[in-house]
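# Breakdown of the fold
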Amino acid sequence: MAVLKLMVPQGTREKPIRPRHAHVGKIVHPQDAENVLDTGVNLWFPGPQSFTGEDMLEFHIHGGNAVVSSILDALSTVSGVRMAEAGEFSRRAFDNDKMDLTTLEGVSDLINAETEAQRKLAVRQAHGELFRMYEGWRVKMVQLRAQIEAYIDFSEEENIEDGVYTQVCLEAKKLADAIRAHLNDKRQGEILRNGVALSIVGPPNSGKSTLLNKLAQRQVAIVSPIAGTTRDIVETTLDIGGYPLVVRDTAGLRKASSDVIEMEGIRRAVEAAQEADIRICMVDAQQALCRTTETSDSFLQNAEWQALLDLPHTFVVLSKIDTLKDVDGIQAAAQAWAKSQRISNRVVPISCANMFGWESLMQLLADDIRTAWGTSVAQQMPLTKTRHRQHLQQCLEHLDAFESIGEDMVVLGAEELRGASRALGRITGKVGIEDVLDALFSEFCIGK
């Protein structure tokens, strides 16, 4: 099925149609009533009770390309009818006060959501959860400003209560504390929206590229027994337990290399691992447990690389356990090895060849993401945009400045409150957001 939405100027309907009721009928060419294009459902939404706040008509038609094209071609013969620009319906809804800017951003995120966690977060924002929080703060600041302005203008009259300025300062501090707590979210909302970053690091030929390909279920990285095959960062996006995961395969970490390009790849690998939200450090089980080569030992003896194993949200994966003779005691052997290497993070033996330990690794990743980024997000709507964070920080700066100003400088204090409310207004679209709108609506699809 396809849905065609039209905005209809007032006074152009020849026959009255019952609003918000489905009407089944033939759809004919406007220039040739004998030419039946399709049979569909028509819905009439008179403004302001419509998505855009304007009169709108919807055609629910069969979704075949020929049907849609024929109706679009027929509509183009009507004077004044044109294709909507990307995001134009949502922009009109914003202009007609049907949506605020945070709600529009939620709709955009909902359109682009690829995982269940992203969808849930976008739905909450599209339904106005962020708007209600920010607008509540802004309205409170406006009220505080009004009290300060009244105090400035009428402080010497009897109808102004004592302690007004002190009370305003207390309320402003409560607002500042609430905003500060909202900002102190470890960027959980932004991470969920953009994807949790996971870096796969380890010595050459430890199975990093093979793991990436298994996670992606396709050939993303080249797999080769030749050390140094992966030099730059190879990236793909996955859905793990309903959460977005941006996985990066990196160059193998080894000390001696005369290849300048490979050394740059190693530097980038370490940097990517340090900046990642989650790390998988891979070590060949044969090399680690049987000590057949010095590859794993040299990896663990490097102080900078060893430090990666101690970072939070890090999993040490012993790969290629299918090459071991005794797999039955692999769990005990892995724990003993971890203890000998003073590794405190979880060690997971796996095989990409026979999928041993695969479900355990996937469950550990999903649980870690859910605990670190999903639980608190479910309790309170988090920040989802860097733009929001910047304006909230500006708002907080104004509130902190207000707190430092004494009662004798009350006029300056009023100006700081005005600046704080304007910073919040920029988030919801009350002031100065034309450039933000242009960037936002360019991301929308045509019919939204």
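This one's a predicted model, so the numbers in the text were calculated from it and none came from an experiment.

### Some thoughts on the overall build of the protein chain
Counting its regular elements, the protein chain contains 17 helices and 10 strands. At a minimum sequence separation of 6, the contacts of the protein chain that also span at least 24 residues come to 70%. Counting only carbon and sulfur atoms, one obtains 50% of the accessible surface of the protein chain, whose full area is about 22900 Å².

### Regarding the packing of aromatic side chains
In total, this model carries 2 aromatic pairs according to the counting rule given. A centroid spacing of 5.8 Å and a plane angle of 45 degrees characterise the contact between Tyr134 and Trp137, whose relative ring orientation is tilted. A residue pair is termed a helical-turn pair when its members lie 3 or 4 positions apart in one helix, as Tyr134 and Trp137 do in helix α5 (residues 129-154) at 3 residues. Tyr134 sits in the buried class, given a relative accessible area of 0%. A ring pair is formed by Tyr165 and Phe402, whose centres lie 6.0 Å apart and whose planes are at 45 degrees; its orientation type is tilted.

### What to know about unusual backbone geometry
The general pattern is negative phi for most residues beyond glycine and trans for most peptide bonds. A cis geometry characterises the amide bond from Gly47 onward to Pro48, with omega recorded as 5 degrees. Backbone geometry at Asn205 places phi at a positive 60 degrees, although glycine is not the residue there. Positive phi is not limited to glycine here, since Met355 has a value of about 70 degrees. Locating Met355 in the fold gives a position in the loop between β10 (346-349) and α14 (358-379).

### Here's the deal with the sheet that holds β10
Ordered in space as β6-β7-β5-β8-β9-β10, the 6 strands form an open sheet in which the pairing is mixed. Sheet topology places β6 (234-240) and β10 at the edges, where each strand pairs with a single neighbour. Averaged over neighbouring strand pairs, the angle between their axes works out to 25 degrees when direction is ignored. Of the strand pairs in this sheet, strand β8 (residues 278-284) and strand β9 (residues 314-319) are connected by 6 bridges, and their pairing is parallel. Bridging across to β9, Asp284 finds its partner in Ser319.

### Considerations on the pairing of strand β3 (residues 32-45)
Taken together, the 7 bridges between strand β2 (residues 23-29) and β3 define a ladder with antiparallel strand orientation. If you follow His29 over to β3, its bridge partner there is Asp32. Counted along the chain from β2 to the antiparallel partner β3, the turn is 2 residues long. Where β3 lies against strand β4 (residues 56-61), 5 bridges are found, and the strand directions are antiparallel. Pairing of Asn42 across the sheet is with Phe59, part of β4.

### Focus on the environment of Ala338
Along the polypeptide, Ala338 turns up in helix α13 (residues 330-340). For Ala338, a relative accessible area of 4% translates into the label buried. The spatial distance from the C-alpha of Ala338 to the C-alpha of Val316 is 8.9 Å, given a sequence separation of 22 residues. Leaving out residues up to four positions away in the same chain, Ala338 has contacts with Ile343 and Val347.

### Focus on the sheet that holds β2
Across the sheet, which stays open at both edges, the 4 strands sit in the order β1-β4-β3-β2 with antiparallel pairing between neighbours. The sheet is open, and its two borders are formed by β1 (2-7) and β2, each paired with just one other strand. Averaged over all neighbouring strand pairs, the angle between strand axes comes to 40 degrees, with direction disregarded. Across the sheet, helix α1 (residues 65-75) touches β1, β2, β3 and β4, and the angle it forms with β3 is around 90 degrees.

### Thoughts on the side chain of Thr428
Note that Thr428 resides in helix α16 (residues 410-428). Not counting residues up to four positions away in its chain, the partners in contact with Thr428 are Phe94, Asp100, Leu101, Thr102, Phe131, Tyr134 and Glu135.

### Quick notes on the pattern of salt bridges
Where charged atoms from two side chains of opposite charge approach closely, those side chains can pair. Enumeration according to the criterion identifies 23 salt bridges in this entry. The partner of Glu129 in a salt bridge is Arg124, with the nearest N and O atoms 2.8 Å apart. Classification of Glu129 by relative accessible area gives partly exposed; the value is 24%. Each member of the salt-bridge network shares a partner with another, and the members are Glu54, Arg82, Glu88 and Arg92.

### Here's the deal with the nonpolar core
In terms of nonpolar packing, the biggest core is built from 64 residues, with Ile179, Leu211, Leu365, Leu392 and Leu399 touching the most fellow members. Residue contacts for Leu392: discarding those within four places in its chain leaves Tyr134, Trp137, Ile179, His182, Leu183, Leu383, Leu424 and Ile427. If you look at the next biggest cluster of nonpolar residues, it comprises 24 residues, including Cys281, Ala288, Leu318 and Trp337.

### Here's the deal with the environment of Asp38
Relative to the helices and strands, Asp38 is located in strand β3. When the C-alpha atoms of Asp38 and Lys26 are compared, they prove to be 6.0 Å apart, with 12 residues separating the residues in sequence. Beyond its immediate stretch of four places on either side in the chain, Asp38 contacts Gly25, Lys26, Ile27, Ile61, His62, Val67 and Ile71. At 2.8 Å, the side chain of Asp38 forms a polar contact with the side chain of His62.

### Some remarks on the environment of Val68
For Val68, the position within the fold is in helix α1. Residue class for Val68 comes out buried when judged on its relative accessible area of 19%. In this structure, the C-alpha to C-alpha distance between Val68 and Asp38, residues 30 residues apart in sequence, is 9.2 Å. Residues in contact with Val68, not counting those within four places in the same chain, are Ala2, Ile61, His62 and Gly63.

### Some words on the pairing of β1
The alternating pattern of β1 places Ala2, Leu4 and Leu6 on a buried face, while none of Val3, Lys5 and Met7, on the opposite face, is buried. With 6 bridges connecting them, β1 and β4 associate as antiparallel partners. Residue pairing in the sheet places Met7 in a bridge with Met56 of β4.

Thresholds, definitions, all that
Residues numbered from 1 in each chain as written. Predicted model: local features only at pLDDT ≥ 70, side-chain atom pairs only at ≥ 80, totals over all residues. Heavy atoms only, no water. Helix = DSSP H or I, 4+ residues; strand = E, 2+ residues; numbered from the N terminus. Contact = heavy atoms within 4.5 Å. Areas by Shrake-Rupley, 256 points an atom, 1.4 Å probe, with all protein chains shown as cover. Phe/Tyr/Trp six-rings, centres within 6.5 Å; stacked < 30°, edge-to-face > 60°. Buried < 20%, exposed > 50% of the residue type's maximum accessible area, 1.4 Å probe, protein only. Pairing = 2+ DSSP bridges. Axes fitted to C-alpha atoms, helices over the stretch in contact; angles between N-to-C directions. Salt bridge = Lys/Arg side-chain N within 4 Å of Asp/Glu carboxyl O. Core = buried A, V, L, I, M, F, W, Y, C linked by side-chain atoms within 4.5 Å. Polar contact = N/O pair within 3.5 Å; in protein donor to acceptor, adjacent residues only side chain to side chain.

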